[in-house]
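The residues making up each chain are set out below.
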Amino acid sequence: VTPSRLAQAVDSQHIFGQVSQELRAVEQSIRHITLPEVSLLAEALMSAVSTPGKLMRPSLVLLSGGATGTIQAAHIEAGAVAELIHLATLLHDDVLDDADLRRGQPTVKAAFGNQIAILSGDYLLAQASLKLSQLNNCRLVSIFSIVLGALCAGEVQQAVTAYNIEASWENYYKKSNGKTAALFAACCEAAAVINQLAEHEVQQHRLYGEKLGLAFQVIDDLLDYTAKQSDFGKPVLDDLKNGLLNAPALLALEYSPNRQGLQELIQRLWKAEGASEDLEALILDQFQSSHAFEKTKQLAENLIQEACDCLSPLPHSPYKTGLQDLAQYVLERSY
Ligand code: IPE
Ligand code: IPE
Ligand code: MG
Ligand code: MG
């Protein structure tokens, strides 16, 4: 049993210690999904679930469960549902992005090919929906069904603006809401629904998750430039090369003293024969001189502040503190 990187962080830094026990139960629940008889698919699935990630989404369900009432068995299962959905989107995403590295390991796509990666993702979605049905709560079914639609729409929203040098912040927020924030928001909403909070309280808590999810995406964009690949566990400098104007790129363009010059450099990178280490270095220099990385951090900090403001109606508890710590962790994470 490989403890997750977050579980290691729990032990080493005492963060999210409030829910470490329950997180282990989520990991168990995920490892105990029914595997198919066909061994090729079972092998691919085993490889996907045996290298856990940071478990951000289940942590969010569990801490939210504690902060809005009591942590129940349904919170553990809802956390597993959220993580299974997340994992499925990663399997699919690595096909879309043609990515070979995930969580520091070869992706299912790299090891088993596109078809098995897509079908493994589908299989995990089927297991997630089975678990969801066992919760006997139609509201939870709609919450997570809506997320699945949002995830697809977000990916397509991103794809249609790839390699568009005029891509806007509006597009960025739309795709980030769909791809990332929707699932974070759903985790919070589900946790509050399980505790039968009043609808306005559910929505307020959902908003914390949405803002947190956006901040998480903004920092993920930043790490794409600043993290070491060995820490990040996935390819770096990948977004821009794949035609995506992520948050630092949008900020660099917005604040560049020579916007047109920077646009031209990026478009050169996007030409098949254009990419070179010199050109990358030139672009990164311009990002530096536009203070794009500091501004990206600032943007994430503002979103985190807005997220934490949404927590103010909740009574003081170690779980509420945990949600504040989680928000801080999103800003400070290095992978
Ligand atoms: C990666 O999510 C995908 C994004 C939303 C940016 P995580 O960074 O939570 O991935 P794992 O689960 O820890 O690997
Ligand atoms: C991850 O998307 C999958 C979803 C959020 C649906 P990205 O392509 O943006 O993230 P990484 O960098 O591969 O984790
Ligand atoms: Mg990707
Ligand atoms: Mg992608």
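Here is a short report on the structure shown in this document. (Residues numbered from 1 in each chain as written. Chains lettered and ligands numbered in written order. Predicted model: local features only at pLDDT ≥ 70, side-chain atom pairs only at ≥ 80, totals over all residues. Heavy atoms only, no water.)

**Some words on empty space enclosed by the protein**
The gaps left among the atoms become clear once a water-sized probe is rolled over them.
Step number 1: Under the definition given, this model contains 1 cavity of 30 Å³ or more.
Step number 2: Of the voids in this model, the largest cavity is the one considered here, and its volume is about 100 Å³.
Step number 3: Along the walls of the largest cavity sit Glu27, Ile30, Arg31, Val49, Pro52, Gly53, Leu55, Glu83, Leu87 and Arg103, which together make up its complete lining.
Step number 4: Every element with two or more residues in the lining of the largest cavity is listed here: α2 (20–31) and α5 (73–96). (1 Å grid on protein atoms, 1.4 Å probe; cavity = no way out; pocket = protein on both sides within 12 Å on 5 of 7 lines; lining within 4 Å. Points joined across faces, edges and corners; volume = space filled by probe spheres on them. Helix = DSSP H or I, 4+ residues; strand = E, 2+ residues; numbered from the N terminus.)

**Observations regarding the site of ligand 1**
Step number 1: Gly53, Lys54, Arg57, His86, Leu90, Arg103, Thr180, Phe216, Gln217, Asp220 and Lys234 make up every residue found near ligand 1.
Step number 2: Within the side chain of lysine 54, a nitrogen or oxygen atom sits 2.5 Å from an oxygen atom of ligand 1.
Step number 3: At 2.8 Å from an oxygen atom of ligand 1 is found a side-chain nitrogen or oxygen belonging to arginine 57.
Step number 4: A total of 400 Å² of accessible area belongs to ligand 1 in isolation, and the protein chains cover 89% of it.
Step number 5: Listed by contribution, the elements that provide at least two residues to the shell around ligand 1 are α5 and α10 (199–226).
Step number 6: Here the shell around ligand 1 takes 3 residues from α10, the largest share from any one element. (Near = heavy atom within 4 Å. Polar contact = N/O pair within 3.5 Å; in protein donor to acceptor, adjacent residues only side chain to side chain. Areas by Shrake-Rupley, 256 points an atom, 1.4 Å probe, with all protein chains shown as cover.)

**Things to note about the coordination of the magnesium ion (ligand 3)**
Step number 1: In this structure, Asp93 (OD) and Asp97 (OD) serve as the protein donors to the magnesium ion (ligand 3), at separations of 2.0 to 2.1 Å.
Step number 2: The distance between the magnesium ion (ligand 3) and the magnesium ion (ligand 4) is 3.2 Å, with aspartate 93 acting as a donor to both metals.
Step number 3: Take aspartate 97: its relative accessible area is 29%, and that puts it in the partly exposed class. (Donors = N, O, S within 2.8 Å, 3.2 Å for Na, K, Ca; no water. Buried < 20%, exposed > 50% of the residue type's maximum accessible area, 1.4 Å probe, protein only.)

**Digging into the site of ligand 2**
Step number 1: Inspection of the region around ligand 2 gives Thr89, Asp93, Asp97, Arg102, Leu151, Glu155, Lys179, Asp220 and Lys234 as its neighbouring residues.
Step number 2: Separating an oxygen atom of ligand 2 from a side-chain N or O atom of arginine 102 is a distance of 2.7 Å.
Step number 3: Between ligand 2 and lysine 234 there is a distance of 2.6 Å, counted from an oxygen atom to a side-chain nitrogen or oxygen.
Step number 4: Coverage of ligand 2 by the protein amounts to 84% of the 390 Å² it exposes when considered alone.
Step number 5: Mapped onto the shell around ligand 2, the elements with two or more residues apiece are α5 and α8 (138–160).
Step number 6: By residue class, the composition of the shell around ligand 2 is 1 nonpolar, 1 polar and 7 charged. (Nonpolar A, V, L, I, M, F, W, Y, C, P; charged D, E, K, R; others polar.)

**A word on the nonpolar core**
Step number 1: Within the largest apolar cluster, 103 residues are counted, with the highest numbers of intra-cluster contacts made by Tyr208 and Phe287.
Step number 2: Among the elements that make up this core, the one with the highest residue count is helix α9 (residues 169–194) (12 residues).
Step number 3: Setting aside residues up to four positions removed in sequence, phenylalanine 287 forms contacts with Tyr225, Leu240, Pro248, Ala249, Ala252, Leu262, Ala292 and Phe293. (Core = buried A, V, L, I, M, F, W, Y, C linked by side-chain atoms within 4.5 Å. Contact = heavy atoms within 4.5 Å.)

**Brief notes about the packing of aromatic side chains**
Step number 1: One pass over the full model with this rule turns up 8 aromatic pairs.
Step number 2: Aromatic pair phenylalanine 287 and phenylalanine 293: ring centres 6.0 Å apart, planes at 45°, arrangement tilted. Per residue, the accessibility class of phenylalanine 287 equals that of phenylalanine 293, and both read buried.
Step number 3: Feature note: the residues Trp169, Tyr172 and Tyr173 constitute an aromatic cluster, connected by ring pairs.
Step number 4: Lying over the aromatic face of tyrosine 255, lysine 295 brings its terminal NZ or CZ to 4.1 Å of the ring centre.
Step number 5: Residue placement shows arginine 333 over the ring face of phenylalanine 216; its charged tip is 3.8 Å from the ring centre. (Phe/Tyr/Trp six-rings, centres within 6.5 Å; stacked < 30°, edge-to-face > 60°. Lys NZ or Arg CZ within 6 Å of the ring centre and 35° of its normal.)

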